[in-house]
Amino acid sequence: MFRATATQSLSVSLTVGLYGAAFGAAGVAAGFSILQTCLLSLLTFSGASQFAVVGIMGSGGSALSAIATAALLGLRNGLYGLRMAPVLRVRGAKRVLAAHVTIDESTGVAIGQEDLGEDAMRQGFWFTGLGVFLFWNLFTLAGALGAQAMGNPSAWGLDAAVPAAFLGLVWPRLLGNFERTLAISALTLAVLLTPLLPAGLPIIATVLLAITFGWKVRK
Amino acid sequence: MNSIWVGVLGASAIAFFWKYLGHSIPEKYLQNARMLRINALIPIALLSALVGVQTFGQKSELVVDQRLAGVAVALIALILKAPYFIVVISAAATSAFIYSLR
C-alpha cells in the first residue's frame, strides 16, 4: 500500500466525483429521466461523452449524432487501455472491470506513479478508477434529483452550466497557440454551421479540423 | 424504445467497446504517429464545438442570451485558475442572475 498514491487517488476521486452533480443536473435539464441520466454515468462512464449525449439530444440532435460524438470523444480511453494493459496484466472479468474504469483520471494517476514502480501504478489505477466510479455515480444521482426539484433550468443557470462544463473540460488541453487556434476554429465553425445543418452534425464536422491540424508534423 | 434510450445505450456500448479494445490489442499495432496526433486533437475540436453550440445555439438558430454572460464568467474563472466546480457554479449563478432580470 502506497500512502501518497492512495491520498492522491482519494482527492482526485472526490474532486472529479463532484462534477457528477453538474452532469446529473445537465441530464435532467436536457429532458433525460433520472434513470437515463444515472445509467449514462453507470454504463458510459466517460464525462465528456456523457455531456455530449445530453447536450446534443437535449438540443434536438439525433441519437446517431449523439452516439457518433460520444464515440469520437471516448476513443482516447482505448489508447489509455493500450497503455495500461501491460501494467495491469489482467484477464477475464477483471479485464472487463479494468476496461470500464479506464478513463482520464485513473490512467493519469497511474502514470504519475511511474517512479514508484508498477505496484504503485496498479494501485493508483484501481483506487482512482473505482473511487471516481463511486463518487461520480453518487453525485450524478444527487445532481439529477436536485435538478428535478428545481424546475425551470434557465432560472437556475443550468443552461450556461453545460457550456461552462465543456469549457472546463477542454481548458487543460489548450497548452499552446496551436491548440488554442484549433479550439477557436472549431468553436467558430460549429456555431456558423448550426443554422445550416441538423443538430449534432456541426459538432461532428469539426473532426475534419482536428484531422487537418494533426496531419502534418508541427515545426 | 424512444431515441433517448437509443442514445444512452448506444453511447454506453461504444464507450465500453473502445476501452475493452484498448486492453485487448497488442500495443505494437497502434504506433502510427499521425493517428496518435489526430487522436489527441479530436477532443479539443469536439469540446470547443460543444462550447460554441451550447452557448449560442437555440434549436437551429443562433441567439445571444444569458448563457454568454455565464460562459464569459467561466472563462474568467479558468484564467484565474479556479477549480472546475467553481467554474461551473459561477457560470450558472451569472446566467441565473441575468435571466431573473428579464
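Residues numbered from 1 in each chain as written. Chains lettered and ligands numbered in written order. Predicted model: local features only at pLDDT ≥ 70, side-chain atom pairs only at ≥ 80, totals over all residues. Heavy atoms only, no water.

**Student:** What should I look at first to understand the nonpolar core in this one?
**Tutor:** Burial of nonpolar side chains together is a common tendency in soluble globular proteins. Within the largest apolar cluster, 79 residues are counted, with the highest numbers of intra-cluster contacts made by A:Phe32, A:Phe51, A:Val53, A:Phe125 and B:Leu50. For this core, the element with the most residues is helix α2 (residues 33-56) of chain B, which contributes 11 residues. The residues contacting A:Phe32, other than those within four sequence positions of it, are A:Gly27, A:Thr37, A:Leu40, A:Val53, A:Val54, A:Met57, B:Ile4 and B:Val8. (Core = buried A, V, L, I, M, F, W, Y, C linked by side-chain atoms within 4.5 Å. Buried < 20%, exposed > 50% of the residue type's maximum accessible area, 1.4 Å probe, protein only. Helix = DSSP H or I, 4+ residues; strand = E, 2+ residues; numbered from the N terminus. Contact = heavy atoms within 4.5 Å.)

**Student:** Teacher, can you tell me more about the packing of aromatic side chains here?
**Tutor:** Given two aromatic rings, one states the distance between the centres and the angle between the planes to describe the pair. Residues and elements named next belong to chain A. Taken as a whole, this structure holds 8 aromatic pairs over all chains when the rule is applied. Ring centres 5.0 Å apart and planes at 85° place the aromatic pair Phe45 and Phe133 in the edge-to-face group. Taken together, the residues span a long stretch of sequence, with Phe45 in the loop between α2 (34-44) and α3 (47-58) and Phe133 in helix α7 (residues 118-150) at a distance of 88 residues. Look at Phe51 and Phe166: their rings are 5.7 Å apart centre to centre, the planes differ by 65°, and that puts the pair in the edge-to-face class. (Phe/Tyr/Trp six-rings, centres within 6.5 Å; stacked < 30°, edge-to-face > 60°.)

**Student:** Where do I start with the interface of chain A and chain B in this structure?
**Tutor:** Accessible area lost upon the coming together of the parts is a frequently used measure of interface size. Taken together, the contacts link 87 residues of chain A with 66 residues of chain B. Across the chain A to chain B interface the summed buried area is about 6,900 Å²; carbon plus sulfur atoms make up 77%. Looking at the side of chain A facing chain B, the largest losses of area belong to A:Gln36, A:Leu82 and A:Trp171, adding up to 9% of the total buried there. Between the two partners, chain A and chain B, sit 0 salt bridges. Linking chain A with chain B are 14 residue pairs in polar contact (both at pLDDT 80 or more), by the criterion used here. It is helix α4 (residues 63-88) of chain A that provides the largest number of residues to the side of chain A that touches chain B, a total of 19 residues. (Buried area = accessible area lost by both parts, 1.4 Å probe. Salt bridge = Lys/Arg side-chain N within 4 Å of Asp/Glu carboxyl O. Polar contact = N/O pair within 3.5 Å; in protein donor to acceptor, adjacent residues only side chain to side chain.)

**Student:** When you look at the packing of α2(B) against helix α3 (residues 66-79) of chain B in this model, what are you seeing that I'm missing?
**Tutor:** A pair of packed helices can be characterised by two numbers: the angle between their axes and the separation between those axes. All names here are of chain B. Orientation of α2 relative to α3, taken along the N-to-C sense of each, is 140°, at an axis distance of 8 Å. By the angle between their directions, the pair α2 and α3 is classed as oblique. Here α2 contributes Val51, Gln54, Thr55 and Phe56 to the contact with α3, which in turn contributes Arg67, Leu68 and Val71. Class assignment of the residues belonging to the contact of α2 with α3 gives a composition of 4 nonpolar, 2 polar and 1 charged. (Axes fitted to C-alpha atoms, helices over the stretch in contact; angles between N-to-C directions. Parallel < 35°, antiparallel > 145°, perpendicular 65-115°, else oblique. Nonpolar A, V, L, I, M, F, W, Y, C, P; charged D, E, K, R; others polar.)

**Student:** Could you clarify how one ought to interpret the environment of A:Val191 in this entry?
**Tutor:** With respect to the element layout, A:Val191 can be found in helix α9 (residues 177-193). Residue A:Val191 is classed as buried on the basis of its relative accessible area, which comes to 12%. Expressed as a C-alpha distance, the spacing of A:Val191 and A:Ile203, which sit 12 residues apart in the sequence, is 8.8 Å. The contact partners of A:Val191, leaving out residues within four places of it in the chain, are B:Gly52, B:Val53, B:Phe56 and B:Leu62.

**Student:** What's the story with helix α5 (residues 92-100) of chain A in this structure? I'm lost.
**Tutor:** Structurally, the α-helix is built with 3.6 residues per turn, so residues lying three or four positions apart point the same way. Inspection of α5(A) places A:Arg95, A:Ala98, A:Ala99 and A:His100 among the buried residues, and these make up the whole buried set. Looking at the packing, one finds that the buried side of α5(A) touches α2, α4 and α7 of chain A together with α1 (3-24) of chain B.

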